[in-house]
Amino acid sequence: MKIAVIGADGQLGTDLVKTLARDEVVPLYYPEFDVTRPEKVRLLLQELRPGAVINTAAFHRVDECEDQPEASSRVNAVAVRDLARLASELGFILIHFSTDYVFDGRKGAPYVESDAPNPLNVYAVSKLAGEFFVRAIVEKHFLVRTCGLFGLGSCREKGYNFVDRMIALADEGKSIRVVDDQWVSPTSAEELAARVSDLLRTDHYGLYHLTSEGQCTWFEFAAEVFSLLGKSPRLEPVSSRVFAAKARRPLYSVLENQRAKKIGLRDFSDWKNALRTYLERKSLIPK
Ligand SMILES: NC(=O)c1ccc[n+]([C@@H]2O[C@H](COP(=O)([O-])OP(=O)(O)OC[C@H]3O[C@@H](n4cnc5c(N)ncnc54)[C@H](OP(=O)(O)O)[C@@H]3O)[C@@H](O)[C@H]2O)c1
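Before going into details, it helps to say that this report is about the structure given with it. Here, residues in each chain are numbered from 1, in the same order as that chain's written sequence. Per-residue local features of the predicted model are confined to residues with pLDDT of at least 70, and side-chain atom pairs are confined, for both listing and counting, to 80 or more; whole-chain, interface and lining totals are unaffected and use all residues. To get the side-chain values, all heavy atoms of the structure are used, and hydrogens and water are removed first.

### Re helix α5 (residues 122-137)
The line we're drawing: A run of H or I in DSSP counts as a helix once it spans at least four residues, and a run of E counts as a strand once it spans at least two, with each numbered from the N terminus. Here a helix's expected span is defined as the number of its residues, less one, multiplied by 1.5 Å. Partly exposed residues are those whose accessible area sits between 20% and 50% of the maximum for their type, while under 20% is buried and over 50% is exposed, using a 1.4 Å probe and protein chains only. Pairs of residues are marked as contacts when any of their non-hydrogen atoms sit within 4.5 Å. We define a polar contact as two N or O atoms separated by no more than 3.5 Å, with the added condition that, inside protein, one atom must be a possible hydrogen donor and the other a possible acceptor, whereas residues neighbouring each other in sequence contribute only through side-chain atom pairs.
Taking 1.5 Å of rise per residue, the 16 residues of α5 would be expected to cover 22 Å, and the 23 Å separating its terminal C-alpha atoms lies within 8% of that figure. Looking at α5, one finds that the buried residues are Tyr-123, Ala-124, Ser-126, Lys-127, Leu-128, Gly-130, Glu-131 and Val-134. Those residues of α5 that are buried lie in contact with α3 (62-67), α4 (69-90), β4 (93-99) and β5 (141-146). The backbone nitrogen of Tyr-123 lies 3.3 Å from a side-chain oxygen of the residue at the head of α5, namely Asn-121.

### Thoughts on the pattern of salt bridges
Here is the rule: Salt bridge, as used here: a side-chain nitrogen of Lys or Arg that lies within 4 Å of a carboxyl oxygen of Asp or Glu.
In this structure the tally under the stated criterion is 17 salt bridges. Between Arg-281 and Glu-190 there is a salt bridge, with its nearest N and O atoms 2.6 Å apart. One end of the pair, Arg-281, is in helix α11 (residues 271-281); the other, Glu-190, is in helix α7 (residues 189-199), and 91 residues separate them in sequence. Note that Glu-256 and Lys-261 form a salt bridge whose closest N and O atoms lie 3.1 Å from each other. One salt-bridge network, held together by shared partners, links Glu-213, Glu-256 and Lys-261.

### A word on the side chain of Glu-191
As for its position among the elements, Glu-191 is in helix α7. With residues near it in sequence (within four places) discarded, Glu-191 still touches Phe-268, Ser-269 and Ala-274.

Below is the structure:
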């Protein structure tokens, strides 16, 4: 299948391009390919005629989104609407990514696909709007909510992913404070890319939660990174109130891959095993 990957050098995009090597992959890079320029996007996709388009582009600096709701909605919602319209018109399958942050965290137990979203911040509102556009406009879609990605193509928009940021802070000898009251499902971008590759060969279209198995707080995530690396930086658990971040975040946004399990998609590894694999791939720990 001819598959166009938008944001091909991003964190998830990098693993997708690698995983889909058996297919005819067309990597699309920002800013040459910008989802917020619908005429150019249309011309290119009309010419390419892909069987599927995977959109990893996002404006996801969550605190900045609070001050830039227009920019946030341009990338995360309006551009997604335009892609969905094109998908419907040109007949390609659209694979799009959303976030655990669409939930408010009050459930206190893993969220399944049928749980009602209730976003707490501008980023999450814009991502949820993007979800609605996909679901309303294009029948052949896979909408994938994920959480806490770590992948070898480090997240350029944020500078680096959480694991790499923890390692960098430890290497600088800094004492590190990490929130211990926000629960997440850290997720391997490599495994997510592999599951997306499996999924897009089915016709089980719709909404999926896809994350590594298990859950932890950001503090526990950091502690596991250092435990695997045999490092002992000064690491302090703190409440999210201490950081007073601009954007409100859910205190519990763990996702359950309920629908993936129902259709028999391969299980994800536990996040700790996936983290070990990630550190091995980076040659930071021996295999
Ligand atoms: N990272 C996480 O922990 C996380 C958690 C939950 C959900 N998600 C979702 O998962 C998806 C992938 O995340 P990621 O971590 O792989 O993000 P990422 O590393 O920032 O990758 C996004 C890619 O899209 C490109 N891009 C940015 N703006 C664009 C535009 N206007 N047009 C075309 N391309 C554009 C980026 O290019 P530049 O690098 O040059 O800007 C980058 O290549 C996103 O939808 C995100 O909302 C991520």
